[in-house]
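# Structural description and commentary
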Amino acid sequence: MKTITVGITAHVDSGKTTLAEALLYTSGQMRKLGRVDDGSSALDTDSIERDRGITIFAHQAEFTAGDTRVMLLDTPGHVDFSAETERTMRVLDYAVLVISGTDGVQSHTATLWKLLRQYEVPVFIFVNKMDLISVDRSAILDELCRRLSAECCDFSGSDSELHENAAACCEELMEAYLSAGEISDGDIARAVAQRRIFPCCFGSALKMQGIEKLMQTLDRFTAEPRRLSEFGASVYKISYDPKGTRLTHMKVDGGCISVRDELSYTDSEGNSVTGKVSSVRFYSGEKFRNAERAEAGEICAVTGLSGTYSGQGLGVSRDSRNAVLEPIMTYRVSLPEERSVYDVLADLRRLEDEDPQLHIVWNEQLREIHIQLMGAVQLEVLTKRIELKFGYSVSFEDGAITYRETIRGAVEGIGHYEPLRHYAEVHLLIEPLERGRGLEFCTDCSEDELDRNWQRLILTHLREKTHIGALTGSPVTDIRFTLKSGRAHLKHTEGGDFRQATYRAVRQGLRSAESILLEPYYDYELEVPTECVGRAIADIQHFGAEFGQPETSGEMSVIKGSAPVSEIGTYQMDVIGYTRGRGRLSCSFAGYRECHDSERVIASVGYDCDADVDNSADSVFCSHGAGYVVKWDEVSEHMHLPSCMAVDAPEEKQSMARIRSFAEKTVSDEELMAIFERTYGKLGGDPHRAFKKTKAVAPDTKSVRLPDYEGPDYLLVDGYNIIFAWDELKRIAAENLDAARAELINMMCSYQGCTGYEIIVVFDAYSVKGRHRDVEKYYNISIVYTKESETADSYIERVSHELSQKHRVFVATSDGLEQMIILGNGAMRWTAAELYDRYRAAGEAMREYMLR
């Protein structure tokens, strides 16, 4: 028996879920036929789905048709939930596209057809509601051939008619038909799998007409795809059961997955994770059965895996590409007074886990949560879900269109980051792509010029950040970033240097380019009485929309075209008004296009590039031991590498740049001393001993005049810097970073008990998405985890400056630049080695005291 995965998809209200129920009932999987309109459907399991009568989440079931085991996935039909449908398409072997016989091919039907073509899914078409008197079979088939594909052919007749129709649609089948007088089921199945023909069946799901014919067609003209020999699985959905257990829904592409299997994978944050499968479930609506294993080709849900995400590939399966459909609206979340913004953010992150297209954006400056989604219906459903799931109500305000930005032509982006004892330079080629391509990142840099590890790090930094444009601060899209050249310093370059240089190169390139503002567009289909066509066309022209020649059928006319979402998004109510309820507007997302009134939008947003200090386009250079900022439009005059877009750069200029680069990086200790004394005054005693490492561990006995301090002394510890500087912690971190972190914390607890210092251990959570700053009290020390986009360095710099006003402050770090800044803040520095020596000495002193 072959096993295939079939998804049912359709425009909303085409009878898709009713068809799924009919298939399950006819195959004997259900004893009672449920109905959508009275809330008894077995597949619409969520209470919100039953109340509204629409499918919101993809649901799984299975049935047998002849010698075929069908893993069925029922997908949402409403345009606001089409992202869920798209995610499901990634795991389908075949799809059944349901067409309403009364409505024909609608706007969202065309969108679904494009997605099925993009994901190369073979399609069977079922024309529903054929029991109604007004339905004309031949007219519908003509429309399918005209609007979808000329290879749509009628499979509802006898075998001889079926063979004739199939031969007329495919040349290879025609040759087989002419030579043998018939066509084998295997030949037709191969043509279907290759998307060379699209079988069409007709019937009524509600009246149970044509259901058995559709099941026979699926059995006869499908073939099980070749499966992988090794284990591989594609994750298409994350959900939680009523008990809060996290479910990873997947299709097993090859091999098998069993209970107690251990899987190693990378989570959405790039961290390596090992998880053990605790159960394997096969769902049918709300009910499920447990199994020991799932074989290749089966759809299942497993528990026990954390950090998995929709679109992820496990085992030998690859991650799927980025989604085609994107959110088009942005709202600010208004919270109830009794709720912490961080608690609500955590709850919304859980919903985002289930629906990745539900973009949650945390604005740290304003301490606000913004949310991006597809439309008004999704917003209403989300409000209800939050109330039912978490027990409180939120509202959404300041609804606005989600804009994007791109560029007109190719430019070079240059980023240079060279404060004292740091160095990195990055040159990017930034090029526009076709609409809908998204962002692409690649390298075209010789490893002789820049080591492979540095190149990989730069590409990682390119991918990890949401890069924003220069017009409105909206995310950029349809751009290719190519690393052309870069430079590191053998001694002074650290990983964070290339992060800064990369971000500045992107920003400098975007500011140098001619930017284009993009806005989302809908493909629309407007049906109005013929006497209202003039009013409709006048409105459409006012929207700045495109439209074709109206098509008249009886008393009604249909106008099709595309329009900005900002203009046509709320037009449905106007249509109902001026047509007295007879008009109908249906829309489907058509991607992003150039904004029709960009000047007005840019002015209303009021984005100021220069004021956006978190996204600086300027570079940092170094001269005579001091760093200085160079404005973005002057960077090309100071860069150390030749331009990647220059045709024939003068050799003399390039040589001078290399000489200047070398000279500026060789800063002597005498220059450092001069800089220090100009800033903080002349040092007494031997100046050559000022920056020597302290060998003595005992407290200083030399009489030094110090300010009048209040309260205890503070010790700030750069956690990860110390972990990777101490050999014993570094060895532990190679096996388990959490264990190394715990060991450092315990060591600092012991040290605090010996010295009485107020110890603050700071851990860097810079790249952890959505992280807000956490401060924990662990026994006698404080532990700080920095917030998203905040480094441990920046936190220590700020806190050391604040504390040093009234307290004596020590900072333990081996970061050279950090040490210089600390001195400027009035704190005292310890290297990692010095802290280790002091820790060991304190331990020895304590042991000696205990032995007395």
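Just so we're clear, the structure is a prediction, and the values are computed from it rather than from any experiment. (Residues numbered from 1 in each chain as written. Predicted model: local features only at pLDDT ≥ 70, side-chain atom pairs only at ≥ 80, totals over all residues. Heavy atoms only, no water.)

## A few points about the overall build of the protein chain
Across its full length, the protein chain holds 25 helices and 39 strands. Across the protein chain, every contact between residues at least 6 apart in sequence was considered, and the portion connecting residues at least 24 apart equals 69%. For the protein chain, the accessible area works out to roughly 40100 Å², and carbon and sulfur atoms hold 47% of it. (Helix = DSSP H or I, 4+ residues; strand = E, 2+ residues; numbered from the N terminus. Contact = heavy atoms within 4.5 Å. Areas by Shrake-Rupley, 256 points an atom, 1.4 Å probe, with all protein chains shown as cover.)

## Some details on the sheet that holds strand β16 (residues 299-303)
Pairing in this open sheet of six strands is antiparallel, and the strands run β14-β13-β16-β9-β8-β17 from one edge to the other. The sheet is open, and its two edges are formed by β14 (287-291) and β17 (313-315), each paired on a single side. Adjacent strand axes in the sheet meet at a mean angle of 40° when their direction is disregarded. Inspection of the sheet shows strand β13 (residues 279-284) paired to β14 by five bridges, in the antiparallel sense. Within β14, the position partnered with S284 by the bridge is K287. (Pairing = 2+ DSSP bridges. Axes fitted to C-alpha atoms, helices over the stretch in contact; angles between N-to-C directions.)

## A closer look at the packing of helix α3 (residues 82-89) against helix α4 (residues 107-118)
Contact geometry for α3 and α4: axes closest at 10 Å, N-to-C directions at 25°. Taken together, the axis directions place α3 and α4 in an arrangement best described as roughly parallel. Along this stretch, α3 crosses α4, giving a crossing that reads as right-handed. Every residue of α4 that contacts α3 at S82, T85, E86 and M89 is listed here: H108, L112, L115 and L116. Of the residues contributing to the contact of α3 with α4, the split by class is four nonpolar, three polar and one charged. (Parallel < 35°, antiparallel > 145°, perpendicular 65-115°, else oblique. Left-handed = near helix turned anticlockwise from the far one by under 90°. Nonpolar A, V, L, I, M, F, W, Y, C, P; charged D, E, K, R; others polar.)

## Structural notes on the side chain of T68
When you line up the elements, T68 lands in strand β3 (residues 68-74). On the basis of relative accessibility, which here comes to 1%, the residue T68 falls in the buried class. Within the structure, the side chain of T68 is placed 2.8 Å from the side chain of K2, a separation counted as a polar contact. (Buried < 20%, exposed > 50% of the residue type's maximum accessible area, 1.4 Å probe, protein only. Polar contact = N/O pair within 3.5 Å; in protein donor to acceptor, adjacent residues only side chain to side chain.)

## Concerning the pairing of strand β23 (residues 411-417)
Of all seven residues in β23, seven are buried; the element is thus mostly enclosed. Where burial is concerned, the two faces of β23 agree: the one with V411, G413, G415 and Y417 and the one with E412, I414 and H416 are both buried. Where β23 lies against strand β24 (residues 424-432), seven bridges are found, and the strand directions are antiparallel. Bridge pairing in β24 places E412 opposite L429.

## Quick word on the pattern of salt bridges
Taken as a whole and assessed by the stated rule, the structure comprises 46 salt bridges. Between D241 and R281 there is a salt bridge whose closest N-O contact spans 3.3 Å. Here D241 is found in the loop between β8 (232-240) and β9 (246-254), whereas its partner R281 is found in strand β13, with 40 residues between them in sequence. Per residue, the accessibility class of D241 equals that of R281, and both read buried. (Salt bridge = Lys/Arg side-chain N within 4 Å of Asp/Glu carboxyl O.)

## Considerations on the sheet that holds strand β38 (residues 809-812)
Taken in spatial order, the six strands make up an open sheet running β36-β37-β35-β34-β38-β39, and their pairing is mixed. Of all strands in the sheet, those bounded by a partner on one side alone are β36 (774-778) and β39 (828-830). On average, each strand axis in the sheet is tilted by 20° relative to the strand beside it, whichever way the strands run. As judged from the three bridges shared by β38 and β39, these two strands associate in the parallel manner. Pairing of V811 across the sheet is with R829, part of β39.

Spatial relationships are all this shows, so hold off on functional conclusions.
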